[in-house]
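Per-entry structural report
Here is what each chain is made of, one letter per residue.
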Amino acid sequence: MRVYLNIAKHLEEDVRRYFQAGDYLPSESVLAKRFNVNRHTVRRAIDELVFNGMIERQQGRGNMVVSQPFEYPLHAGAHFTDNLLEQGSLPTSRVIERGLTRANDKVAALFGVLPESSIIKLTTLRKIDGVPASVIDHYLSDVNWWPAVKHFEVGSLHHYLRDKLDVQLTRRSTRLRAVMPTKTDCRLLQLPSKTPVMAFKTTNALKGTDRIVEFLSSHTRSDLVEIVLEH
């Protein structure tokens, strides 16, 4: 391995273990002494971290560590809570609105029910380590779940459905595009109006069947979460 790549590997490990966003790396001269190389070699190593989005060069100030997005693998068994716990983060989710509503034509078609049929709607706010990450509208097809679902407050909705109703869901489809945030997004996600969000449209089915029972429409901060597509 080239010397500068080996140094870049050590610096990346240091950044992940010891630095927070906004911190600055030691000066290039200090790092050159540490690794017993010239400053040009250190600069090439830092270039690798800049390319990977871990470091930002600040003119006249040094090399600043930038915040890293949380990875969200996207596959049939992906779960927001479990994924982030595995990364050592603290995800939370709480209900901010709930009730029964009428299915529009699109949702009714997904659920295989008549338009204007009664369905459940929940809106949740998800946070990662206390930082707002997503606003999600959940639509559930079976109103027989309402006596239990109306008491859901915090945590994973899918875990709640499994524990309270013995209902297990699996992802069937996900659509993703970038949109500008709404005023509600900006308020709940503490986001500038010019920062785009990722808009997800997701369908979930009863495990082991083709029956769609949940439709989600969510807006997620693009600066906080990185989608990982697994092939």
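Preceding this section is the structure that the text describes.
Conventions we followed
- Residues numbered from 1 in each chain as written.
- Predicted model: local features only at pLDDT ≥ 70, side-chain atom pairs only at ≥ 80, totals over all residues.
- Heavy atoms only, no water.
- Phe/Tyr/Trp six-rings, centres within 6.5 Å; stacked < 30°, edge-to-face > 60°.
- Lys NZ or Arg CZ within 6 Å of the ring centre and 35° of its normal.
- Helix = DSSP H or I, 4+ residues; strand = E, 2+ residues; numbered from the N terminus.
- Expected span 1.5 Å × (residues − 1).
- Buried < 20%, exposed > 50% of the residue type's maximum accessible area, 1.4 Å probe, protein only.
- Arc of directions from axis to C-beta.
- Contact = heavy atoms within 4.5 Å.
- Patch = residues over 30% accessible without salt bridge, like charges linked within 9 Å, V, L, I, M, F, W, Y side chains within 5 Å.
- Areas by Shrake-Rupley, 256 points an atom, 1.4 Å probe, with all protein chains shown as cover.
- Salt bridge = Lys/Arg side-chain N within 4 Å of Asp/Glu carboxyl O.
- Lys, Arg positive; Asp, Glu negative; His and termini not counted.
- Charge placed at Lys NZ, Arg CZ, Asp CG, Glu CD.
- Axes fitted to C-alpha atoms, helices over the stretch in contact; angles between N-to-C directions.
- Parallel < 35°, antiparallel > 145°, perpendicular 65-115°, else oblique.
- Left-handed = near helix turned anticlockwise from the far one by under 90°.
- Nonpolar A, V, L, I, M, F, W, Y, C, P; charged D, E, K, R; others polar.

As for the packing of aromatic side chains
- One pass over the structure, following the stated rule, counts two aromatic pairs.
- The residue whose ring lies beneath Arg44 is Tyr4, and the NZ or CZ to ring-centre distance is 4.0 Å.

Quick notes on helix α1 (residues 3–18)
- Taking 1.5 Å per residue, 16 residues should reach 22 Å; α1 reaches 22 Å between its end C-alpha atoms and fits that length.
- Of all the residues in α1, the buried ones are Tyr4, Ile7, Ala8, Leu11, Asp14 and Val15. Buried residues of α1, seen end-on, are gathered within an arc of 125° and therefore sit on one face of the element. Exposed and facing more than 90 degrees away from the buried side of α1 are Arg16 and Arg17.
- The secondary structure elements touched by the buried residues of α1 are α2 (28–35), α3 (39–51), β1 (55–58) and β2 (62–65).

Points about a positive patch on the surface
- Side chains of Lys106, Arg175, Arg177 and Lys201 sit close together on the surface and give a patch of like positive charge.
- Classification of Lys201 by relative accessible area gives partly exposed; the value is 32%.

Some details on the packing of α1 against α3
- Two numbers describe how α1 lies on α3: the axes approach to 8 Å, and their chain directions differ by 55°. Accordingly, the angle class assigned to the pair α1 and α3 is oblique. Between α1 and α3 the crossing geometry is right-handed. Every residue of α3 that contacts α1 at Val3, Tyr4, Leu5, Ile7, Ala8, Leu11, Glu12 and Val15 is listed here: Thr41, Arg44, Ala45, Ile46, Glu48 and Leu49.
- Classifying every residue of the contact of α1 with α3 by side-chain character gives 10 nonpolar, one polar and three charged.

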